[in-house]
Amino acid sequence: MSDARALGLNLLRQHALIAGEPIQAGANGIAVDDPATGEIIGYIPDLGVAETERAIQAAADAFPDWSRSDPHKRAQFLRDWAGLIDENLEGLGALMAIENGKPFEEAKGEVAYANGFLKWFAGQAERLIGETQDSPLGHLLLTFREAVGPCALITPWNFPAAMLTRKLGPAFAAGCTAVVKPASQTPFTAIALAELAYQAGLPKGALSIVTGDAATIGGVLTASPLIRKLSFTGSTPVGRKLAADCAPTLKRVSMELGGAAPLIVFADADLDLAVAETIKGKFRNSGQTCVCPNRVYVERSVAEAYAEKLAAEVAKIPVGPAFQPGVEVGPLIEDKALDKVEKHLAAVKAAGGRVLTGGARHALGGRFFQPTVTLGGDDALFRREETFGPMIPVFAFDTEDEVLNKANGSEFGLASYLFTRDLDRAMRVSRRIEAGMCGVNTGLISTAVAPFGGVKSSGYGREGSIHGIDEYVDIKTVTLALK
């Protein structure tokens with residue numbers, strides 16, 4: 001795997017990009033480390049107010065020409081960009097594995113998934129259709145979908161490629177320009193993708209990648225009247241602050257925020273399928289995903305059987321650094337993430353729950369934690385907080401109404417899952433559960449063609465699908481008086 005790692009390092013650029021121009025990391029650069037070893041792999045510049053304002057002005061200057069460009073040409077740009085990503089899939093996957101820690105094969109899968117958004121929205125760029133309608137006043141009404149304006153896009157560390165393209169794909173398709181603030185833990189994937197976008201022919205002013213203190217940069221982005229749209233993926237507390245800060249300038253805002261996803265297994269479910277899909281849904285990115293099952297509820301008559309099957313399979317999951325062959329779970333992103341898993345584990349044990357497998361930091365040391373399954377205890381903490389680590393707490397329930405009350409007894413409503421062979425129950429429960437997405441007999445729900453987003457404190461707006469581009473367009477009405 002040393003060759004793969006070298007491919008990733010070849011794409012690593014220790015600079016930010018303002019209108020396509022690199023700004024090198026100086027003496028005060030922010031260190032980025034490999035979560036598997038703690039080794040520093042590079043530095044990014046700690047940009048401030050002046051540089052962020054330059055990026056915003058560049059986006060505003062580029063917007064008129066880009067927004068009025070032929071949408072078919074924008075579609076072709078997105079396809080050309082996607083082609084370059086396909087050509088660099090191994091290197092991009094390796095770079096992501098180095099800075100994020102996720103297994104190399106999983107990282108390559110994310111790059112392919114991320115590229116799906118560019119390919120999908122290339123088609124959507126060609127379908128920005130309007131409408132015509134006769135008015136009761138005798139006029140002809142024409143409606144147009146027009147780019148909302150320069151956008152601020154703030155992306156998280158856990159999916160550094162997919163969260164970027166899920167926002168930039170529709171933004172560019174609609175004709176918007178963008179200033180992107182990637183997470184400081186995983187900036188190099190975003191920078192590499194931006195370099196490929198420039199190679200594909202994107203006008204330099206249409207995209208900037210600004211790195212540095214999130215509060216400083218975020219404050220400039222939210223305050224600027226030139227930014228007309230903000231899209232954020234991250235925690236609910238930060239999302240609330242950003243939304244409030246956008247209010248004075250009445251920006252369009254979309255938020256993909258925290259989740260505490262419930263997964264429900266009914267007694268009639270295929271338990272082997274439920275176990276396999278629970279593992280698929282939970283252990284991607286070492287459990288550090290906003291849609292992974294955070295709490296599992298199993299009908300009491302099969303709870304022991306499900307938990308035992310689950311624990312037996314989870315105990316087999318290979319743990320290790322990203323480039324070790326066969327590894328499926330890597331390190332957590334930072335030291336405090338380990339503390340949170342331990343806090344959640346202690347809460348289950350204090351309430352009488354049992355650890356069926358795992359339950360401690362891994363023998364590898366560092367930021368590695370054993371894949372863990374518990375049974376019993378109290379679910380209250382897991383309704384309030386995401387574990388964001390490789391731990392599955394299992395709780396028993398007796399009735400459908402009881403489990404729905406538990407599933408919905410959270411301020412969050414992003415993803416949810418249920419397993420049953422009963423079609424009536426599947427439809428009934430999926431409609432009653434308070435979440436923006438529900439997987440029935442599957443643990444994988446995200447694709448470029450599916451609307452992605454939540455309700456309640458999990459945010460608003462949708463990414464992906466035919467609806468994703470609507471976040472980046474305004475509707476203009478032209479009234480024609482006909483004689």
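What this report covers is the structure whose coordinates are included nearby. Just so it is clear, the structure is predicted and the values come from calculations on it, not from any experiment. (Residues numbered from 1 in each chain as written. Predicted model: local features only at pLDDT ≥ 70, side-chain atom pairs only at ≥ 80, totals over all residues. Heavy atoms only, no water.)

1. A look at the side chain of T52
Part 1 of the argument: Position of T52 among the secondary structure elements: in helix α2 (residues 49-67).
Part 2 of the argument: Among the polar contacts listed, one links the side chain of T52 to the backbone oxygen of G48, at a separation of 2.8 Å.
Part 3 of the argument: If near-sequence neighbours (up to four positions away) are discounted, T52 is found in contact with I217, V220 and L221. (Helix = DSSP H or I, 4+ residues; strand = E, 2+ residues; numbered from the N terminus. Polar contact = N/O pair within 3.5 Å; in protein donor to acceptor, adjacent residues only side chain to side chain. Contact = heavy atoms within 4.5 Å.)

2. With respect to helix α4 (residues 89-100)
Part 1 of the argument: Over its twelve residues, α4 runs 16 Å from end to end, which matches the ideal 16 Å to within 8%, given 1.5 Å per residue.
Part 2 of the argument: Of all the twelve residues making up α4, eleven are buried; the element is thus mostly covered by neighbouring parts of the structure.
Part 3 of the argument: Those residues of α4 that fall on the buried side of the exposure criterion are L89, G91, L92, G93, A94, L95, M96, A97, I98, E99 and N100.
Part 4 of the argument: In the segment just after α4, G101 is the residue with positive phi, at about 95°. (Expected span 1.5 Å × (residues − 1). Buried < 20%, exposed > 50% of the residue type's maximum accessible area, 1.4 Å probe, protein only.)

3. Points about the packing of aromatic side chains
Each aromatic ring pair is specified by the distance between its two centres and by the angle formed by the two planes.
Part 1 of the argument: Throughout the structure, instances matching the rule amount to eleven aromatic pairs.
Part 2 of the argument: Ring plane angle 85° and centroid distance 5.9 Å describe the contact between W66 and F77, whose orientation is recorded as edge-to-face. Of this pair, W66 sits in helix α2 while F77 sits in helix α3 (residues 71-87); the two residues are eleven residues apart in sequence, bridging distant segments of the chain. Both residues of the pair, W66 and F77, count as buried.
Part 3 of the argument: For the ring pair W157 and F388, a centre distance of 5.9 Å and an interplane angle of 85° mean the geometry is edge-to-face. With W157 in the loop between β7 (151-154) and α6 (162-174) and F388 in the loop between α13 (380-384) and β16 (391-397), the pair connects residues that are 231 residues apart, well separated along the chain.
Part 4 of the argument: Since its relative accessible area comes to 15%, W157 is described here as buried.
Part 5 of the argument: An aromatic cluster of three or more residues is present, and its members are W66, F77, W81 and F172. (Phe/Tyr/Trp six-rings, centres within 6.5 Å; stacked < 30°, edge-to-face > 60°.)

4. Quick look at the environment of G169
Part 1 of the argument: The residue G169 is located in helix α6 in this model.
Part 2 of the argument: In the structure, G169 is positioned 52 residues away from F117 in sequence and 6.0 Å away in space, judged by C-alpha atoms.
Part 3 of the argument: Those residues within four positions of G169 in sequence are excluded, and the remaining contacts are L78, L118 and F121.

5. Details of the pattern of salt bridges
Side chains that differ in charge, positive against negative, can pair when their charged atoms come close.
Part 1 of the argument: Enumeration according to the criterion identifies 34 salt bridges in this entry.
Part 2 of the argument: A salt bridge links D33 to R367; the nearest nitrogen and oxygen atoms lie 2.8 Å apart. Taken together, the residues D33 in strand β3 (residues 30-33) and R367 in the loop between β14 (354-357) and β15 (372-375) connect sequence positions 334 residues apart. (Salt bridge = Lys/Arg side-chain N within 4 Å of Asp/Glu carboxyl O.)

6. Here we look at the layout of surface pockets
Part 1 of the argument: In this structure, the largest pocket encloses a volume near 1,300 Å³.
Part 2 of the argument: Together, 45 residues line the largest pocket, and W157, F232, G234, S235 and V238 are the ones closest to its centre.
Part 3 of the argument: Sorting the residues of the lining of the largest pocket by element identifies α8 (214-223), β10 (229-233), α9 (236-246) and α12 (335-350) as the ones contributing at least two each.
Part 4 of the argument: Considering each element in turn, the lining of the largest pocket owes the most residues, seven residues, to α9.
Part 5 of the argument: Its volume calculated, the second largest pocket comes out at about 340 Å³.
Part 6 of the argument: Every residue lining the second largest pocket is counted, 18 residues in all, and those nearest its centre are E110, Y113, F159, R284 and S446.
Part 7 of the argument: Within the residue set of the lining of the second largest pocket, elements represented by two or more residues are α5 (104-125) and α6.
Part 8 of the argument: Of all the elements, α5 adds the most residues to the lining of the second largest pocket, at four residues.
Part 9 of the argument: Looking at the lining of the second largest pocket residue by residue, the class counts come to eight nonpolar, four polar and six charged. (1 Å grid on protein atoms, 1.4 Å probe; cavity = no way out; pocket = protein on both sides within 12 Å on 5 of 7 lines; lining within 4 Å. Points joined across faces, edges and corners; volume = space filled by probe spheres on them. Nonpolar A, V, L, I, M, F, W, Y, C, P; charged D, E, K, R; others polar.)

7. Structural notes on the pairing of β7
Part 1 of the argument: In β7, alternate side chains face the same way, and those of C151 and L153 on one face and A152 and I154 on the other are all buried.
Part 2 of the argument: The pairing of β7 with strand β8 (residues 178-181) spans four bridges and is classified as parallel. From the neighbouring strand, C151 faces β8, where its bridge partner is A178.
Part 3 of the argument: The parallel pair β7 and β8 is bridged by α6, and the resulting crossover is right-handed.
Part 4 of the argument: Relative to β10, β7 runs parallel, the two sharing four bridges. Each bridged residue has a counterpart across the sheet, and for I154 the counterpart in β10 is F232. (Pairing = 2+ DSSP bridges. Right-handed = clockwise from strand over helix to strand, strands pointing away.)

8. Description of unusual backbone geometry
Part 1 of the argument: Despite not being glycine, L250 has its phi angle at roughly 50°, a positive value.
Part 2 of the argument: Structurally, L250 can be placed in the loop between α9 and β11 (252-256).
Part 3 of the argument: The phi angle at K456 is positive, at roughly 55°, despite the residue not being glycine.

9. A closer look at the sheet that holds strand β12 (residues 262-265)
Part 1 of the argument: The strand order β14-β15-β16-β13-β12-β18-β19 describes an open sheet built from seven strands, whose pairing is mixed. Two strands lie at the open edges of the sheet, namely β14 and β19 (439-440), each paired on one side alone.
Part 2 of the argument: Here β15 runs beside β16; their pairing, made up of four bridges, is parallel. Directly across from V373, in β16, lies its bridge partner I392.
Part 3 of the argument: Its contacts with the sheet place helix α11 (residues 300-314) against β12, β13 (295-299), β14, β15 and β16, and it is angled at close to 135° to β13. (Axes fitted to C-alpha atoms, helices over the stretch in contact; angles between N-to-C directions.)

10. Description of helix α10 (residues 271-283)
Part 1 of the argument: Look at α10: 18 Å from first C-alpha to last across 13 residues, which is about the 18 Å you get at 1.5 Å a residue.
Part 2 of the argument: Within the span of α10, buried status applies to L271, A274, V275, E277, T278, I279, G281, K282 and F283.
Part 3 of the argument: Buried residues in α10 make contact with β12, β13, α11, β16 and β18 (417-419).
Part 4 of the argument: The distance from a side-chain oxygen at the start of α10 to the backbone nitrogen of D272 is 3.1 Å, and the residue carrying that oxygen is D270.
Part 5 of the argument: Once α10 ends, the next one or two residues include N285, with phi positive near 55°.

11. Describing the packing of α2 against α8
Part 1 of the argument: Running from amino to carboxyl end, α2 crosses α8 at an angle of 40°, the nearest separation of the two axes being 9 Å. Comparing the axis directions of α2 and α8 gives the class oblique. By crossing handedness, the relation of α2 to α8 is classed as right-handed. The residues of α8 that touch α2, namely those facing V49, T52, E53 and I56, are T216, I217, V220 and L221. (Parallel < 35°, antiparallel > 145°, perpendicular 65-115°, else oblique. Left-handed = near helix turned anticlockwise from the far one by under 90°.)

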